[in-house]
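Structure at a glance
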Amino acid sequence: MVLSTTEAALTILVIAAATLLTRVLPFLVFPAHKKTPDFVAYLGKVLPFAIIGMLIVYCFKSVSPSAWPYGIPELLASLFVIAVHKWKHNLLLSIGGGTILYMIMVQYLF
Amino acid sequence: MKRNALKTAFPYTLPVLMGYLFLGIAFGVLLHSKGFNAAWAFMMSLLIYAGSMQFVAINLLVSPFQLAAAFFITLMVNARHLFYGLSMLDRFKALGKLKPYMMFSLTDETFSLLSSVKAPDHVNPKWFMFFIALLNQGYWIAGSLIGNIAGSLISFNSTGIDFAMTALFIVIFVEQWEQAKNHVPAMLGIVITALCLILFGADRFILFAMAGILVSLSLLRGKLHAKESE
């Protein structure tokens, strides 16, 4: 360990506090007893769809399309998840299957 | 009333159970490999409770001591949570004493689950939402403990296990896509973020992407709003 126990514990507490801040801030800015502005309410409706799209791209941020294996394992595993989920709507199959397929690909094939 | 809400909530959390067990185990294994035992895994998953940030936190724990850097990196990585809060302002309004925990536990997965499900008629929506959040954190803590302890008992190659998080988001995306009348917001989320990733690089794109999504959704308000009420 690079850090002492106290330093590691402090680091964790600071990370926890900063995380909490990002989660609580919107509720502090727009308190419950006031009517939420229409514009913010509109954002609340459309944002969830956009954010999941953003998070998917976020998961692929370390994939390099210009160097081997060109993101092929990520692409194949993602297509697998989409196809299997559309077909069966079974979460264990989609998530578990996709993850195991990906692990096999990156450990043995690529 | 509570029992009923817990029973009803449980099946909805199964996708997160899968994802969090996989991911939590991956986190626990990695944390153990850096010399931190199960007590550390437990405290981190209890207090921080933010999947991707806890992976970043492992890096911080093996770097020189810098509290300010840890604080600002956390704000950057977790800035997307601001969106979740904005989306939940109205739904969290009547939560009373449950509200503090609901705000604290608003992770990517809990948020996407809460935003895509509604409590059935016979269930108290407050407790339904609370148990979804509580069960999810339970899975996360359990996963990180299992992974940390397994890491000390057996050695196995866990490379690629973090794809569980990606798979979980893809599944949620597919489900939202099938429910949504209008696919423009979902498409915008992907296209703008991908563009920002190409333009600004992996370390800095997320804030630009968030700004881009906010601006474009604001500009499209008239159109999207009209479609929504059709």
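All of these numbers come straight from a predicted model, not from anything done at the bench.

Each helix and strand in chain B was counted, giving 13 helices and zero strands. Listed N to C, the secondary structure of chain B is α-α-α-α-α-α-α-α-α-α-α-α-α in terms of helices and strands. The C-alpha radius of gyration computed for chain B amounts to 19 Å, which stays within 12% of the reference 17 Å derived for 230 residues, consistent with globular compactness. Referenced to the eigenvectors of the C-alpha coordinate spread, the extents of chain B come out at roughly 60 × 50 × 30 Å. Counting all 230 residues of chain B, 47% fall into the buried class. Within chain B, counting contacts between residues at least 6 apart in sequence, those at least 24 apart form 79% of the total.

Another aspect to go through is the interface of chain A and chain B. Listed by partner, the interface residues are 62 residues for chain A and 78 residues for chain B. Class assignment for the residues of the side of chain A that touches chain B results in 43 nonpolar, 14 polar and five charged.

Looking now at the nonpolar core. Judged by nonpolar contacts, the single largest core of 99 residues is most densely connected at I15 and A50 of chain A together with I48, I132, A164 and F169 of chain B. Ranked by residues supplied to this core, first place goes to helix α2 (residues 14-33) of chain B with 13 residues. Excluding residues within four positions of it along the chain, I15 of chain A makes contact with I48, M53, A57, A70 and T74 of chain B.

Residue and element names in this part refer to chain B. Running from N to C, α2 and helix α9 (residues 125-153) point in directions that differ by 40 degrees, and their axes come no closer than 6 Å. It follows that α2 is oblique to α9 by the angle criterion. Once α2 is placed against α9, the crossing between them reads as right-handed. Class assignment for the residues of the contact of α2 with α9 results in 16 nonpolar, 11 polar and no charged.

Per the domain assignment, the segments of chain B are domain 1 (2-164) and domain 2 (180-230). Domain 1 of chain B and domain 2 of chain B are separated by 25 Å when their C-alpha centres are compared.

Moving on, we come to the environment of L101 of chain A. Residues and elements named next belong to chain A. Considering the arrangement of structural elements, one finds L101 in helix α4 (residues 91-109). For the pair L101 and V81, spaced 20 residues apart in sequence, the C-alpha separation works out to 9.8 Å. Leave out the neighbours within four places in its chain, and L101 touches A77 and F80.

Attention shifts here to the confidence of the model for chain B. Per-residue confidence for chain B gives a mean pLDDT of 89, with 97% of residues at or over 70. In the predicted complex, the global pTM is 0.76; the interface-specific ipTM is 0.83.

Moving on to helix α4 (residues 51-61) of chain B. The complete set of buried residues in α4 of chain B reads G51, M53, Q54, A57, L60 and L61 of chain B. On an axial view of α4 of chain B, the arc spanned by its buried residues comes to 145 degrees, and they lie on one face. Looking at the buried positions of α4 of chain B, the neighbouring elements they touch are α1 (5-29) of chain A together with α2, α3 (38-47), α5 (67-78), α8 (108-116) and α10 (163-179) of chain B.

What counts and what doesn't
Residues numbered from 1 in each chain as written. Chains lettered and ligands numbered in written order. Predicted model: local features only at pLDDT ≥ 70, side-chain atom pairs only at ≥ 80, totals over all residues. Helix = DSSP H or I, 4+ residues; strand = E, 2+ residues; numbered from the N terminus. Rg over C-alpha atoms; globule rule 2.2 N^0.38 Å. Buried ≥ 20, exposed ≤ 12 C-beta atoms within 10 Å, placed from the backbone. Contact = placed C-beta atoms within 7 Å. Nonpolar A, V, L, I, M, F, W, Y, C, P; charged D, E, K, R; others polar. Core = buried A, V, L, I, M, F, W, Y, C linked by C-beta atoms within 7 Å. Axes fitted to C-alpha atoms, helices over the stretch in contact; angles between N-to-C directions. Parallel < 35°, antiparallel > 145°, perpendicular 65-115°, else oblique. Left-handed = near helix turned anticlockwise from the far one by under 90°. Domains from an automatic or database assignment. pLDDT = per-residue confidence, 0-100. Arc of directions from axis to C-beta.

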